Amino acid sequence: MITLEVRRRDVLTPGCASVTLGGPAVRDLVVTGNDQAVRLFFPREGQGALRMPTVSNEAWIAQLLLVPKSVRPWVRNLTIRRARPADDEIDIEFALHGDSPMSSWVRRVRPGDPAGIFDTGSTYRLPEHAEGRLLVGDESALPAILSILDSTPAPLPAILSILDSTPAPLPTEVYLEVAAKADIRAVEPPVGTRIHWISRDDADLRPGALVLAALRDGSLPPGRSYTWVAGESRLATAVRRHLVDDRGVPRRDVSFSGYWRLGRSTPG
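1. Describing the overall build of the protein chain
The helix and strand tally for the protein chain stands at six helices and eleven strands. Each of the three principal axes of the protein chain carries a C-alpha extent, and together these read 55 × 50 × 35 Å. Counting all 268 residues of the protein chain, 47% fall into the buried class. Approximately 13,200 Å² of the protein chain is accessible, and the part contributed by carbon and sulfur atoms is 53%. In the protein chain, 33 side chains carry a positive charge and 32 a negative one; their mean positions are 5 Å apart.

In structure tokens, the structure reads:
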């Protein structure tokens, strides 16, 4: 368990904000991948202090359930957007949806407010045989996908590339769905990467339906590609099923994660 405090909050788009958490304990965080996931602990409204679990294994769940609800923190699964150990800081981006507990906390949070994290690892594992990449997600997967793209090495100038053994950038197709057109980011993709932005702009549309339809009609990277997909549970499973059943992609070449489930939780 890592206890931190809020250092700042930045509004990125109407539906997305970033909160920077900091403190010496950031040095205890072991980042294992570009989509490093954490459980974020934050206080309920009106609570001045944060009562974190004291165990750093899965027993924390049972311990937390023994805490009275009046002082029990909220817990949500999120992805670290950026980690800066030298500055004792991490950035976490949030999709804001209505008055959910997490969205409400992000809107009212101030520097010095307490928060905590418990790292849960990563799922992005690019295999050596990959000749291309496919990244798919809704707004809840946006921070992880952007972090993955940030880690893509920039190509060397041509005059130096003949002297360097660094492989050429992988052809990458990215399909991203966000809640509204205003949430589309100005992102400079790495060489060889195409980002297909899709916005719902309709609260009655099921999250993930549009990006799944775009993928069905879209093209995949050439050759044998590795797919990483995350977001609403049905989106993650539907993308994997489409790739395996309709496109003939080997199951082992698809990593998929259901970050949230419609009707039971929200991405914010």
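2. Regarding unusual backbone geometry
Even without being glycine, D88 reaches a positive phi, approximately 55 degrees. In this structure, D88 sits in the loop between strand 4 (74-84) and strand 5 (89-95). The backbone phi angle of D201 is positive, close to 55 degrees, even though this residue is not glycine. You can see D201 is positioned in the loop between strand 9 (193-199) and helix 5 (209-217). Residue classification places D201 among the partly exposed positions, given a relative accessible area of 49%.

3. As for the sheet that holds strand 11 (residues 254-260)
Think of a sheet as strands paired side by side through backbone hydrogen bonds, with each pair either parallel or antiparallel. Strand order in the open sheet made by the five strands is 9-8-7-10-11, with parallel pairing throughout. Lying at the two open borders of the sheet, with one neighbouring strand each, are strand 9 and strand 11. Across this sheet, the average inter-strand angle for adjacent strands is 10 degrees, counted without regard to direction. Of the strands in this sheet, strand 7 (132-137), strand 8 (172-178) and strand 9 are in contact with helix 5, which crosses strand 8 at around 155 degrees.

Rules used in this analysis
- The residue numbering used here restarts from 1 in each chain and proceeds along that chain's sequence as written.
- Only residues with pLDDT of at least 70 are given local features in this predicted model, and only at 80 or more are side-chain atom pairs given and counted; all residues enter the totals for whole chains, interfaces and linings.
- With hydrogens and water excluded, all non-hydrogen atoms of the structure serve as input to the side-chain values.
- Counting from the N terminus, the helices are DSSP H or I runs at least four residues long and the strands are E runs at least two residues long.
- For each residue, the accessible area found with a 1.4 Å probe, counting protein chains only, is set against the maximum for its type, and the residue is called buried under 20%, exposed over 50%, and partly exposed in between.
- With residues, only the protein chains shown are counted as cover, and all accessible areas are computed by Shrake-Rupley using a 1.4 Å probe.
- When charges are counted, Lys and Arg contribute as positive and Asp and Glu as negative, whereas His and the chain ends are disregarded.
- Here the site of a charge means atom NZ of a Lys, CZ of an Arg, CG of an Asp or CD of a Glu.
- Pairs of strands are assigned from DSSP output, requiring at least two bridges between the strands.
- Only the contacting stretch of a helix is used when fitting its axis, a line to C-alpha atoms as for every element, and angles between N-to-C directions run 0 to 180 degrees.
- Should any heavy atoms of two residues lie within 4.5 Å, those residues are counted as being in contact.

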